[in-house]
Amino acid sequence: MIRRFGKPPEAGRSYRLRPGIYALLPRDGQLLLTCQMDPGPDIQLPGGGIDPGESPLPALHREVYEETGWSIAAPRRLGAFRRFVFMPEYDLWAEKLCHIYMARPLRRLGPPLEPGHEALWMPAYEAVTHLGNPGDRHFAARFCP
């Protein structure tokens, strides 16, 4: 069974399964994160949805690059969690199936491509309290120093 974080699904509400892939990106005691500015600042692990027909690892590389401008190497799967949320950008109630990886940030290739996202470095111990959802916080606390 995959652990759930956040609110349980609402009875009678239909949720669309949305698989996604996210990364813990540690370097020198800090984590590379993304801050999504709209609808309000939300600090997140870089990552996002796996497009139909896309394999998970190419999706991870694409999403990290789009949200941070960085390339990554050596991704290693840590686990997964679920959460039931409303996604206003898609006007969609979703069951997000979040696959979490650890990877090494290689180099900054440019600014984030994803509108409304900013890359930021934060000490790992601070990220554990600043990440916007409890699943991200759980994996950061468990796998980062």
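Residues numbered from 1 in each chain as written. Predicted model: local features only at pLDDT ≥ 70, side-chain atom pairs only at ≥ 80, totals over all residues. Heavy atoms only, no water.

**Student:** Is there a simple way to explain the side chain of Ser 71 in this structure?
**Tutor:** Turning to its location among the elements, Ser 71 is positioned in strand E6 (residues 70-87). Since its relative accessible area comes to 17%, Ser 71 is described here as buried. For Ser 71, the contacting residues outside a window of four places in its chain are Arg 104, Pro 105, Leu 106, Arg 107 and Leu 109. (Helix = DSSP H or I, 4+ residues; strand = E, 2+ residues; numbered from the N terminus. Buried < 20%, exposed > 50% of the residue type's maximum accessible area, 1.4 Å probe, protein only. Contact = heavy atoms within 4.5 Å.)

**Student:** Mind showing me how you'd approach the confidence of the model for the protein here?
**Tutor:** Reading predicted coordinates in detail is not appropriate for stretches of low pLDDT. Residues with a pLDDT of 70 or more make up 99% of the protein, whose mean pLDDT is 95. The least confident element of the protein is helix H2 (residues 124-130), whose mean pLDDT is 94; the most confident is helix H1 (residues 56-68), at 98. (pLDDT = per-residue confidence, 0-100.)

**Student:** Any chance you could explain the packing of aromatic side chains here in plain terms?
**Tutor:** Geometry of an aromatic ring pair is reported as the spacing of the ring centres plus the angle between the planes. The tally for this structure, following the rule as stated, stands at 7 aromatic pairs. On the basis of an interplanar angle of 80° and a centroid distance of 5.4 Å, the ring pair of Trp 70 and Trp 121 is categorised as edge-to-face. A residue pair is termed long-range when its members are at least 10 positions apart, and Trp 70 in strand E6 and Trp 121 in strand E8 (residues 117-123) qualify at 51 residues. Here the aromatic cluster, defined as three or more aromatic residues joined through ring pairs, consists of Phe 5, Phe 81, Phe 139 and Phe 143. The ring of Tyr 90 has Arg 18 lying over it, and the distance from NZ or CZ to the ring centre is 4.7 Å. (Phe/Tyr/Trp six-rings, centres within 6.5 Å; stacked < 30°, edge-to-face > 60°. Lys NZ or Arg CZ within 6 Å of the ring centre and 35° of its normal.)

**Student:** What is the right way to look at the pairing of E6 in this model?
**Tutor:** Where a strand is regular, its side chains alternate between the two sheet faces. Note that E6 and strand E7 (residues 92-108) share 15 bridges and pair antiparallel. By the bridge assignment for E7, Ser 71 is matched with Arg 107. The turn linking E6 back onto E7 is made up of 4 residues, and Asp 91 within it adopts a positive phi angle of 50°. (Pairing = 2+ DSSP bridges.)

**Student:** Just to check I follow, could you spell out the pattern of salt bridges for this structure?
**Tutor:** A side chain of one charge can pair with a side chain of the opposite charge when the charged atoms of the two come close. Counted according to the given criterion, the structure contains 6 salt bridges. Put simply, Arg 62 and Glu 54 hold a salt bridge, and the shortest N to O gap is 2.8 Å. Assessed through its relative accessible area of 21%, Arg 62 is described here as partly exposed. Linking Arg 62 and Glu 63 is a salt bridge whose minimum nitrogen-to-oxygen distance equals 3.0 Å. Among the ionic contacts, a cluster of salt bridges with common partners joins Asp 51, Glu 54, Arg 62, Glu 63 and Glu 66. (Salt bridge = Lys/Arg side-chain N within 4 Å of Asp/Glu carboxyl O.)

**Student:** Just to check I follow, could you spell out unusual backbone geometry for this structure?
**Tutor:** With the exception of glycine, most residues fall at negative phi, and the peptide bonds are largely trans. Within the chain, Asp 28 stands out as a residue other than glycine whose phi angle is a positive 55°. Structurally, the position occupied by Asp 28 is in the loop between strand E2 (26-27) and strand E3 (30-36). Located in the positive-phi region is Ala 74, a residue other than glycine, with phi close to 55°. Relative to the assigned elements, Ala 74 resides in strand E6. Classification of Ala 74 by relative accessible area gives exposed; the value is 51%.

**Student:** I tried to follow the sheet that holds E6 on my own but got confused; where do I start?
**Tutor:** Pairing between the strands of a sheet is mediated by backbone hydrogen bonds and can be parallel or antiparallel. Pairing is mixed across the open sheet formed by 4 strands, whose spatial order is E5-E1-E7-E6. Every other strand in the sheet has two partners, leaving strand E5 (47-49) and E6 as the edge strands with one partner each. Averaged over all adjacent pairs, the angle separating strand axes in this sheet is 20°, with direction ignored. By the bridge criterion, 3 bridges tie strand E1 (residues 16-24) to E5 in an arrangement that is antiparallel. The partner of Tyr 22 across the bridge, within E5, is Gly 47. Relative to E6, helix H3 (residues 134-143) is tilted by about 145°, and along the sheet it contacts E1, E6 and E7. (Axes fitted to C-alpha atoms, helices over the stretch in contact; angles between N-to-C directions.)

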